[in-house]
There are 2 protein chains.
Amino acid sequence: MQAAIGSGARSSAPTLEMVAREANVSRATVSRVVNGSPKVSPEVARAVNAAIAKLNYVPNRAARSLASRTSGAIALVIPEDTTRFFGDPYFSAIVQGIARRLDDSEYLLNLLVPTSDPSRKTMRYLKSGVVDGALIVSHHEGDRSLRDAAREIPMVFGGRPPNVDESVVFVDVDNLEGGMTAAERLLAIGRKRIGTITGPLDMPAAVDRLAGFRQSMETAGLPADAVEEADFSVAGAIAATRRLLDRVPDLDAVFVASDLMATGTLAVLRERGRRVPDDVAVVGFDDSPAATSSAIPLTTVYQPSEEMGFLMADLLVRLLAGEPVPHRNIMRTRLVRRQSA
Amino acid sequence: MQAAIGSGARSSAPTLEMVAREANVSRATVSRVVNGSPKVSPEVARAVNAAIAKLNYVPNRAARSLASRTSGAIALVIPEDTTRFFGDPYFSAIVQGIARRLDDSEYLLNLLVPTSDPSRKTMRYLKSGVVDGALIVSHHEGDRSLRDAAREIPMVFGGRPPNVDESVVFVDVDNLEGGMTAAERLLAIGRKRIGTITGPLDMPAAVDRLAGFRQSMETAGLPADAVEEADFSVAGAIAATRRLLDRVPDLDAVFVASDLMATGTLAVLRERGRRVPDDVAVVGFDDSPAATSSAIPLTTVYQPSEEMGFLMADLLVRLLAGEPVPHRNIMRTRLVRRQSA
DNA sequence: TTGTAGGCGTTATCAC
DNA sequence: GTGATAACGCCTACAA
């Protein structure tokens, strides 16, 4: 379909100029049509569009970018070990949602995977104008520089960054509510000695889930001392679960802060001969594929990961279009009952 | 560190012109220094570099791209359901390797996630000059158009595409050897009724692993009829394993074509009360994190996923630099013994 | 070795 | 509404 003339096809791509000639108008007019300017007469617009179709014209991104001082690209920043990032279905879903939203926009998605010195190189990059905006997923307390950059380049965070002010836009779920939901399920089925495996406590999501858990326990008049911190990885969860069982042998339920980690917890429970949910009930978090593919289907707290990604991208696109957008975008969680609790 | 002058910082970025003035040379000379041209006297180069440092100059990508007719970007094409793609540790590792290689190059990585009509839109995009080259991972028989595009834009495939000719460059592991390795382990521990769960048989990798398996079985004088096809997903593996067990009740070993799928197989075996490896031995493929985080650590066929990604990016970068590169890049596999076989 | 000058394909600011 | 005419920032012959 593409007018592939030998090997030089790419370099001889049709230009605005050629379209203008073909339609007997000026370049300016073609530009207006291409950019959907309202002040173009219908007939002329038709003629131009015909010429565009005939020549199979596609605007040159570099030229447009140079003249307009925008890049038409958005950065997806992953300040985390890639393997862990992509290995967690939660993030996969977010990326999926982002891609889906961007698919029918003009924006390109640039993958930014800071390796060694995250902040400095990444910041330079973000400020360099290579991208018009940035999407930041997962971030620890240390990423203060990234958060501050929100004043220089439009960005949207996935998950509430620490110490937010009005200048940062983020999408998150109500992790406090999520933690309470999990604890309440465990209480509802009559468990008394309930523990929890948390995420890294320098991450707000992990802190909030724990806080929700504690709150429910307190309300129920139960101690909330059976807490072990992990790092959202399977290996970390395995170690934490072992510590927890050693310390609290009479544990009869546990809330694990991510489904992926819960698979590790299930493995340890099995190795220790504890039946799930009979001896120890387990509630996860995410409702990711890990929840259903585990040995025992997980009862878990659903969070709309894919939609969160979609919303993140949507907010950024609107931000770039100059529209005002809400700063706090909190999505709701809900319990999904399966077999583990 | 960046000379942030109010809010207009980004738009007032230093240009070649300004550097030239600062160093008392022409723009051409600065350009030469920036692009590492050999024909610049040391003193002048020093002066220019000093000016660059002083002004904190960074070349404008759009302008460079427009003038040089290259984009400085590479596309990572994922012709697959994103969730499945990112959910598989094998792909995560490849992306990791790619990012690592590209990190100390000038190239940007563009994520291309074709949603609806893969070939046409993607092809248009690739040919449009938005990227200088492309990296293609995972692909089914249908992606003929993508493969043909290799003549128009430099690309490197991860995994051997179907019906390759000399024009396509790819990185792959010796899947035939891998299949044999797996089968031989099972034979070595004395199993007689050995089956296999394959990947989608429109993927060369799946076909080759099966062929290797069959070859070893034949050599051993054993039947290779206990074969069930799956799709590299956990859910698919679970279904396939159930079919296999129903059809071949006396199965005493199974080679599963990916670790991720093997976790599904383990779950089914457990649900059917078969002990692993006592009743049924299991060998996986990949040696991904899934292999060690599963309930029973998997004996598996290691493939250097991260290195494959690194090599893919490396080959493409060299290709773009005009260097000749080998077309077939086959990496070796090896058995990793753990508990499942 | 270094400088000059033209052009890369768009957008944007003016007049008309 | 439409059309000239500058930029936008850099690369690259070609000259010097």
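Predicted model only: the values in this text are computed from it and were never measured.

S.K.: For this particular structure, what's the right way to read the sheet that holds strand 4 (residues 155–158) of chain B?
M.R.: Neighbouring strands of a sheet are bound in pairs by backbone hydrogen bonds; such pairs are parallel or else antiparallel. Strands sit in the order 11(A)-5(A)-4(A)-3(A)-1(A)-2(A)-2(B)-1(B)-3(B)-4(B)-5(B)-11(B) across an open sheet of 12 strands; the sheet is mixed. What marks the edges here is a single partner per strand, and that holds for strand 11 (328–331) of chain A together with strand 11 (328–331) of chain B. Ignoring which end each strand starts from, the neighbouring axes of this sheet average 20° apart. The pairing of strand 1 (residues 73–77) of chain A with strand 3 (residues 133–137) of chain A spans four bridges and is classified as parallel. Across the sheet, the residue bridging to alanine 75 of chain A is alanine 134 of chain A, located in strand 3 of chain A.

S.K.: It is not clear to me how the protein's contact with DNA strand D should be interpreted in this structure. Could you clarify?
M.R.: As a structural note, the neighbourhood of DNA strand D is formed by 26 residues, with Arg27, Thr29 and Arg69 of chain A together with Leu16 and Tyr57 of chain B the closest of them. Expressed as a percentage, the sugar and phosphate content of the atoms of DNA strand D within 4 Å of the protein is 61%. Serine 41 of chain A has a polar backbone atom sitting 2.8 Å from a phosphate oxygen of DNA strand D. Here a base oxygen of DNA strand D and a backbone polar atom of alanine 67 of chain A are 3.4 Å apart. Only helix 2 (27–34) and helix 4 (61–68) of chain A together with helix 2 (27–34) and helix 4 (61–68) of chain B provide two or more residues apiece to the surface near DNA strand D. The residue inventory of the surface near DNA strand D, partitioned by class, reads 12 nonpolar, seven polar and seven charged.

S.K.: I'm lost on the interface of chain B and chain A in this one. Help?
M.R.: Facing the 44 residues of chain B at the interface are 44 residues of chain A. Surface buried jointly by chain B and chain A totals about 4300 Å² across both partners, of which 56% is contributed by carbon and sulfur atoms. Counting every contact that joins chain B to chain A gives zero salt bridges. Counting the contacts that link chain B with chain A gives four residue pairs in polar contact (both at pLDDT 80 or more). Put simply, the parts of the chain that give the side of chain B that touches chain A at least two residues each are helix 4, helix 5 (82–87), helix 6 (89–103), strand 2 (108–112), helix 7 (118–127), helix 12 (259–271) and helix 13 (289–293) of chain B.

Conventions and cut-offs
Residues numbered from 1 in each chain as written. Chains lettered and ligands numbered in written order. Predicted model: local features only at pLDDT ≥ 70, side-chain atom pairs only at ≥ 80, totals over all residues. Heavy atoms only, no water. Pairing = 2+ DSSP bridges. Helix = DSSP H or I, 4+ residues; strand = E, 2+ residues; numbered from the N terminus. Axes fitted to C-alpha atoms, helices over the stretch in contact; angles between N-to-C directions. Near = heavy atom within 4 Å. Polar contact = N/O pair within 3.5 Å; in protein donor to acceptor, adjacent residues only side chain to side chain. Nonpolar A, V, L, I, M, F, W, Y, C, P; charged D, E, K, R; others polar. Contact = heavy atoms within 4.5 Å. Buried area = accessible area lost by both parts, 1.4 Å probe. Salt bridge = Lys/Arg side-chain N within 4 Å of Asp/Glu carboxyl O.

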